[in-house]
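Fold and contact review
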Amino acid sequence: MRRLLLKNFVHGPLTEAAPAPDDAALAELASRVDRAARRRLGRTLAIREVDAGSCNGCELEILALGNVLYDLERFGLRFVASPRHADVLLVTGPVTRNMREALERTYQATPDPKWVVAVGGCARDGGVYAASPVCVGGVSAVVPVDLHIPGCPPTPLELLKGLIALLEGVSVT
Ligand code: SF4
């Protein structure tokens, strides 16, 4: 163990450094989301994340929006614990049999107006898990979907572009 620690200390990490976030682009996109939410809803956007059976890759990117690196709550994006306080459900993963009812109940508990965003390739059609016997299918097989954000997983920038497209009703490149 000591030898391994010494080796790591001498050679440093073998993994590549994570790319630095594009702060200017993030700030611009997050501000647009905030402005669009205030125009449509009269307040900031509240997001409830629902993992319907993902590998957690998409969760990590969604949760990155609120971590200390991105800290997008400063632009008004809020993650809420209850669907009763949410405007948007960000749903990840293929829907598994075990999560089907939970997703339906979460959708029913979310007050109108509400939007459902399917995040990642699995949320569209089951993705790599489509043939699994425990997979019901994509999110639209269970609840109505307003927008799909592609990617495996989509990056925080792509998630923000998706939210803008949802709120402004336009596609963003
Ligand atoms: S789209 Fe990719 S990262 Fe997201 S849940 Fe599916 S396999 Fe995981």
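Residues numbered from 1 in each chain as written. Predicted model: local features only at pLDDT ≥ 70, side-chain atom pairs only at ≥ 80, totals over all residues. Heavy atoms only, no water.

1. Structural notes on helix H1 (residues 2-11)
Of all 10 residues making up H1, only zero are buried, and the element is barely covered by its neighbours. Where H1 ends, the next residue or the one after it, glycine 12, has phi of about 75°, a positive value. (Buried < 20%, exposed > 50% of the residue type's maximum accessible area, 1.4 Å probe, protein only. Helix = DSSP H or I, 4+ residues; strand = E, 2+ residues; numbered from the N terminus.)

2. Re the pattern of salt bridges
Counted by the stated rule, this structure contains five salt bridges. Note that lysine 114 and aspartate 112 form a salt bridge whose closest N and O atoms lie 4.0 Å from each other. Since its relative accessible area comes to 17%, lysine 114 is described here as buried. (Salt bridge = Lys/Arg side-chain N within 4 Å of Asp/Glu carboxyl O.)

3. Quick word on the site of the ligand
Around the ligand lies a shell formed by Ser54, Cys55, Gly57, Cys58, Gly120, Gly121, Cys122, Gly151, Cys152 and Pro153. Its atoms largely coinciding with the cavity grid, the ligand occupies the second largest pocket. Within the shell around the ligand, the residues separate by chemical class into five nonpolar, five polar and no charged. (Near = heavy atom within 4 Å. 1 Å grid on protein atoms, 1.4 Å probe; cavity = no way out; pocket = protein on both sides within 12 Å on 5 of 7 lines; lining within 4 Å. Sits in = over half its atoms within 2 Å of the grid points. Nonpolar A, V, L, I, M, F, W, Y, C, P; charged D, E, K, R; others polar.)

4. Overview of the nonpolar core
Counting 29 residues, the largest nonpolar core has Val33, Leu45, Val88, Leu90, Leu160 and Leu163 as the members making the most contacts within it. If you list the elements that add at least two residues to this core, you get helix H2 (23-41), helix H3 (57-64), strand E3 (88-92), strand E5 (115-119) and helix H6 (156-168). Broken down by element, the residue count for this core peaks at seven residues, all from H2. Beyond its immediate sequence surroundings of up to four residues, leucine 45 is in contact with Val33, Ala37, Gly76, Leu77, Arg78, Asp87, Val88, Leu163 and Leu167. Judged by nonpolar contacts, the second largest core, of 12 residues, contains Val50, Val116, Val142 and Val143. (Core = buried A, V, L, I, M, F, W, Y, C linked by side-chain atoms within 4.5 Å. Contact = heavy atoms within 4.5 Å.)

5. A few points about the pairing of E3
The element E3 is extensively covered by neighbouring structure, given that five of its five residues are classed as buried. Pairing of strand E1 (residues 46-51) with E3 involves five bridges; the strand directions are parallel. Among the inter-strand pairings, glutamate 49 is bridged to a residue of E3, identified as leucine 90. Bridge count for E3 against E5 is five bridges, and the pairing is parallel. Considered in E5, the bridge of threonine 92 is made with valine 119. (Pairing = 2+ DSSP bridges.)

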